[in-house]
Amino acid sequence: MTIAKNEFEFIHFETIDSTNNYAKTLCKLGLTNKVIIADTQTAGRTTKKQGWISPKGNLYFTILTKLDDEKKLPEYAFLSALAIAQSIEQIDTNKNSIKIKWPNDILLNKQKLCGILIEKEENSVIIGIGLNINSSPAPELTRYPTTALSKNKINILPTDLAKIILEKFINNINIRNNENFEKIISFITPYMYKFGEEIHISSQNQTLTGKFCGLDKTGALILDTGNETKKIISGELTKENFL
C-alpha cells in the first residue's frame, strides 16, 4: 500500500493546548491523514508526561494517520525520527552532525534538537513533534544539552520544515510497506548516536554499560556488555553519554 502526500490535510492554529490532543479529537470523529501545526502550545508534553515549553518560532506539529496493525506502533518512533534527520540533513548547508539518540530524540552537534511523542487513539497513530528552530530551553530546565536550528546557522520557517518532514515520513512508510521495516533499520542505523561506541543506558531500573553494536530488525538496541549480548527494548541513554 502506497500513501501519497496529497492525502494529508494541514490544519493550522495560532495557539492550541496540544496538537496531539486535537488529533485525538479528530480520531474520535473518524478522521485521519491530518497534520496539525500550531505557533504555540499551552499544554504540550513529552513521553515522560512532562510539560514541553512551546514559545513561538519553533515547530510544534502532529501527524495523524491510520494504524493498520497495532503491533507496528513502535515502528513509528523510528519512521518519524529518520524523517526528521533526513529533513535536517537536506536543508543544512553547513554539514552539522545530525544524530538520533536511541530510540527517537534528534541531536544536532550532540545537543537535543527535537522530541517525538507517539500515541495511539482508536485505530490511528498520533506522532507529536516538537523541534527547536529559533530557541531552545534554558540548560537548567532540561536533563540534556539543547540547541536550535538557528543557533547552528540553519534558517527555515516552521511550516516549510513540517512539509519536508511529512514528505520524508510518507516516503519512509512507503518503503516499509512495499519492502520491509528492516530496510528502515538499515537507513537509520548510521544516524544512531554513539553507534559502535561504549554507552551507558538506563533500562528496567538498572544502568548497563557496553558497546552499542546496532539495532535488531524491530529496532531494539543491541548491547555487548563484554559478558553477554543484550537486546534493549526500552531505555534511555544516560547523561554520561554527553560528557
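Residue positions are given per chain, counted from 1 along the sequence in the order it is written. At least 70 in pLDDT is required for a residue's local features to be given in this predicted model, at least 80 for side-chain atom pairs to be given and counted, and no such filter applies to totals for whole chains, interfaces and linings, which use all residues. Remark: hydrogens and water are excluded; side-chain values derive from all non-hydrogen atoms of the structure.

Brief notes about the packing of helix α2 (residues 75-91) against helix α4 (residues 181-188)
Packing of α2 against α4 brings their axes to within 10 Å, and their N-to-C directions diverge by 45°. As far as their axial angle goes, α4 and α2 are oblique. Where α2 crosses over α4, the two elements pack in a sense that is left-handed. Across the interface between the two elements, Glu75, Phe78, Leu79 and Leu82 from α2 touch Phe181, Ile184, Phe187 and Ile188 from α4. In terms of residue class, the contact of α2 with α4 is made up of seven nonpolar, no polar and one charged. Here an angle of 0 to 180 degrees is reported between the N-to-C directions of two axes, which are lines fitted to C-alpha atoms, with helices fitted over the stretch in contact. Comment: elements are numbered from the N terminus, with helices defined as DSSP H or I runs of at least four residues and strands as E runs of at least two. Here is the rule for angles: anything less than 35 degrees is roughly parallel, anything more than 145 is roughly antiparallel, 65 through 115 is roughly perpendicular, and the remaining ranges are oblique. In this scheme the handedness of a crossing depends on how the near helix is turned from the far one: anticlockwise by less than a right angle means left-handed, clockwise means right-handed. Working rule for contacts: check all heavy atoms of both residues, and any pair within 4.5 Å makes them a contact. Residues are grouped as follows: Ala, Val, Leu, Ile, Met, Phe, Trp, Tyr, Cys and Pro are nonpolar; Asp, Glu, Lys and Arg are charged; all remaining types, including Gly, are polar.

Comments concerning the nonpolar core
Nonpolar cores were defined as sets of buried Ala, Val, Leu, Ile, Met, Phe, Trp, Tyr and Cys residues, with membership established by side-chain atoms within 4.5 Å. Each residue's exposure class comes from its accessible area (1.4 Å probe, protein chains only) as a fraction of the maximum for that residue type: buried when under 20%, exposed when over 50%, partly exposed otherwise. Ranked by internal contacts, the top residues of the largest apolar core, which has 61 residues, are Leu131 and Leu149. Residues contacting Leu131, with those up to four places away along its chain left out, are Asn58, Leu59, Ile84, Ile88, Leu113, Cys114, Leu149, Leu161 and Ile165. With seven residues, the next largest nonpolar core counts Ile11, Leu26, Cys27 and Ile36 among its residues.

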